[in-house]
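Each chain, letter by letter, is given below.
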Amino acid sequence: QLKAREAYEAAHTASITYGRVAQALAGDYFSIYVIDPETDRFIEYSADSDYDALGIEKSGEDFFNLSRKNMERVAYPEDKDRFLGTFQKEKLMSILERDGSFTMKYRLLFEDEPIYVSMKATLLNDKDGKHLIIGTNNISAQMKREEEYRAKVAEAKTNARNDFLANMSHDIRTPMNAIVGYTNIAKNHLDDPDRMLDALDKIGSSSHFLLSLINDILDISKIESGKMQLSYGPCDLSEIFK
């Protein structure tokens, strides 16, 4: 009788401890579940009225089957199959036994609007046995900030590319005009070898400059794909500036 009493008090103390920890963390989480993986009995702690509005059980048995039924109802359609394909007891416990924790992001339908949720599952193993702790957090504000940041980055990239191409198109016209102009000069001075050679020299230098500009344009795709290569070699700065 004494041993039974001691065992009861130990279990009672453990349940109070888990409850206090879960309630303390529930202020930062959308919800927290404490599950006995042997019996699938569970209890949920939540400090968020929005989560309560989803109408999900606060305690009971058969946690995984209940959760899957609830997710059939409240999961965002595009995320439903991915969640249900992952959130299976055997699969999740296998991951937890190997890694100790598991995280996943998905969306729930709340008042016909999707909200982003991050779920973290952790397996605790102590003298009182195994306990599965699953915390979910509303990360919609964070995801919105990330989407805004990605949109700004994409816009900056687009503006940079457009500015580059606008400047490059202007730069291309310069050697092209020289090539066209000196070609006409050469045609009109076929009887003046010096004038024609001078025109041909300028056509040649403009052609090389034009080719380097075209290579720069082609390098854009190499830079974006991470395949840009640098060529090392001696150069004559006076010739480059000329």
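Located above this text is the structure these notes cover.
Residues numbered from 1 in each chain as written. Predicted model: local features only at pLDDT ≥ 70, side-chain atom pairs only at ≥ 80, totals over all residues. Heavy atoms only, no water.

Some details on the overall build of the protein
Argument step 1. Counting secondary structure elements, the protein contains eight helices and six strands.
Argument step 2. In the protein, the order of α-helices and β-strands from amino to carboxyl end is α-β-β-α-β-α-α-α-β-β-β-α-α-α.
Argument step 3. When the 242 residues of the protein are sorted by exposure, 28% land in the buried category.
Argument step 4. Counting every atom, the protein has about 16,500 Å² of accessible surface; 54% of that belongs to carbon and sulfur. (Helix = DSSP H or I, 4+ residues; strand = E, 2+ residues; numbered from the N terminus. Buried < 20%, exposed > 50% of the residue type's maximum accessible area, 1.4 Å probe, protein only. Areas by Shrake-Rupley, 256 points an atom, 1.4 Å probe, with all protein chains shown as cover.)

Observations regarding the packing of aromatic side chains
Argument step 1. The tally for this structure, following the rule as stated, stands at eight aromatic pairs.
Argument step 2. Between the aromatic rings of phenylalanine 64 and phenylalanine 87, the centroid separation amounts to 5.3 Å while the plane-to-plane angle is 40°, which identifies the pairing as tilted. One end of the pair, phenylalanine 64, is in helix α3 (residues 63–74); the other, phenylalanine 87, is in the loop between α4 (77–86) and α5 (89–99), and 23 residues separate them in sequence. Across the pair, phenylalanine 87 and phenylalanine 64 agree in class, each one buried.
Argument step 3. Among the aromatic side chains, those forming a connected cluster through ring pairs are Tyr33, Phe42, Phe63, Phe64, Phe83, Phe87 and Tyr106. (Phe/Tyr/Trp six-rings, centres within 6.5 Å; stacked < 30°, edge-to-face > 60°.)

Some points on the side chain of threonine 86
Argument step 1. Within the fold, threonine 86 resides in helix α4.
Argument step 2. A distance of 3.1 Å separates a polar atom in the side chain of threonine 86 from the backbone oxygen of arginine 82.
Argument step 3. For threonine 86, the contacting residues outside a window of four places in its chain are Lys91, Leu92, Phe102 and Met104. (Polar contact = N/O pair within 3.5 Å; in protein donor to acceptor, adjacent residues only side chain to side chain. Contact = heavy atoms within 4.5 Å.)

Points about the environment of glutamine 88
Argument step 1. With respect to the helices and strands, glutamine 88 occurs in the loop between α4 and α5.
Argument step 2. By relative accessible area, which is 32% here, glutamine 88 ends up partly exposed.
Argument step 3. Taking the C-alpha atoms as reference points, glutamine 88 and phenylalanine 64, separated by 24 residues in sequence, lie 6.9 Å from one another.
Argument step 4. Here glutamine 88 is in contact with Phe64 and Arg68, once residues within four sequence places are set aside.

Quick look at α3
Argument step 1. Here α3 contains twelve residues, and its C-alpha end-to-end distance of 16 Å stays within 8% of the 16 Å for a straight helix at 1.5 Å per residue.
Argument step 2. Contacts from the buried residues of α3 go to β1 (31–35), β2 (42–45), α4, α5, β4 (101–110) and β6 (129–138). (Expected span 1.5 Å × (residues − 1).)

Concerning the nonpolar core
Argument step 1. Within the largest apolar cluster, 30 residues are counted, with the highest numbers of intra-cluster contacts made by Leu108 and Ile134.
Argument step 2. At the level of secondary structure, the elements contributing two or more residues to this core comprise β1, α3, α4, α5, β4, β5 (113–126) and β6. (Core = buried A, V, L, I, M, F, W, Y, C linked by side-chain atoms within 4.5 Å.)

Details of a nonpolar patch on the surface
Argument step 1. The grouping of Ile223, Met228, Leu230 and Tyr232 at the surface amounts to a nonpolar patch, some 510 Å² of accessible area in total.
Argument step 2. Checked against the element boundaries, isoleucine 223 lands in helix α7 (residues 193–225). (Patch = residues over 30% accessible without salt bridge, like charges linked within 9 Å, V, L, I, M, F, W, Y side chains within 5 Å. Salt bridge = Lys/Arg side-chain N within 4 Å of Asp/Glu carboxyl O.)

Looking at α7
Argument step 1. Here α7 spans 48 Å end to end across 33 residues, near enough to the 48 Å set by a 1.5 Å rise per residue.
Argument step 2. For α7, every residue scored as buried is listed here: Ala199, Ile203, Ser206, Leu210, Leu213 and Asp219.

Structural notes on the environment of serine 31
Argument step 1. Following the sequence through the fold, serine 31 ends up in strand β1.
Argument step 2. In this structure, the C-alpha to C-alpha distance between serine 31 and asparagine 138, residues 107 residues apart in sequence, is 9.1 Å.
Argument step 3. At a separation of 2.6 Å, a polar atom in the side chain of serine 31 contacts the side chain of threonine 136.

Some thoughts on the packing of helix α6 (residues 140–188) against α7
Argument step 1. Across the interface, α6 lies against α7 with an axial gap of 8 Å and an inter-helix angle of 160°. It follows that α6 is roughly antiparallel to α7 by the angle criterion. Here the hand of the crossing between α6 and α7 comes out left-handed.
Argument step 2. By residue class, the composition of the contact of α6 with α7 is 19 nonpolar, three polar and six charged. (Axes fitted to C-alpha atoms, helices over the stretch in contact; angles between N-to-C directions. Parallel < 35°, antiparallel > 145°, perpendicular 65-115°, else oblique. Left-handed = near helix turned anticlockwise from the far one by under 90°. Nonpolar A, V, L, I, M, F, W, Y, C, P; charged D, E, K, R; others polar.)

Focus: the pairing of β6
Argument step 1. Judged from the five bridges that link them, β1 and β6 form a sheet pairing that is antiparallel. Its bridge partner being in β6, isoleucine 35 is matched across the sheet by leucine 132. (Pairing = 2+ DSSP bridges.)

What about the packing of α3 against α4?
Argument step 1. Their axes nearest at 9 Å, the elements α3 and α4 cross at an angle of 170°. Comparing their axes, α4 and α3 come out roughly antiparallel. Two secondary-structure elements touch here, α3 through Arg68, Met71 and Glu72 and α4 through Lys80, Phe83 and Leu84.
Argument step 2. Partitioning the contact of α3 with α4 into residue classes produces three nonpolar, no polar and three charged.

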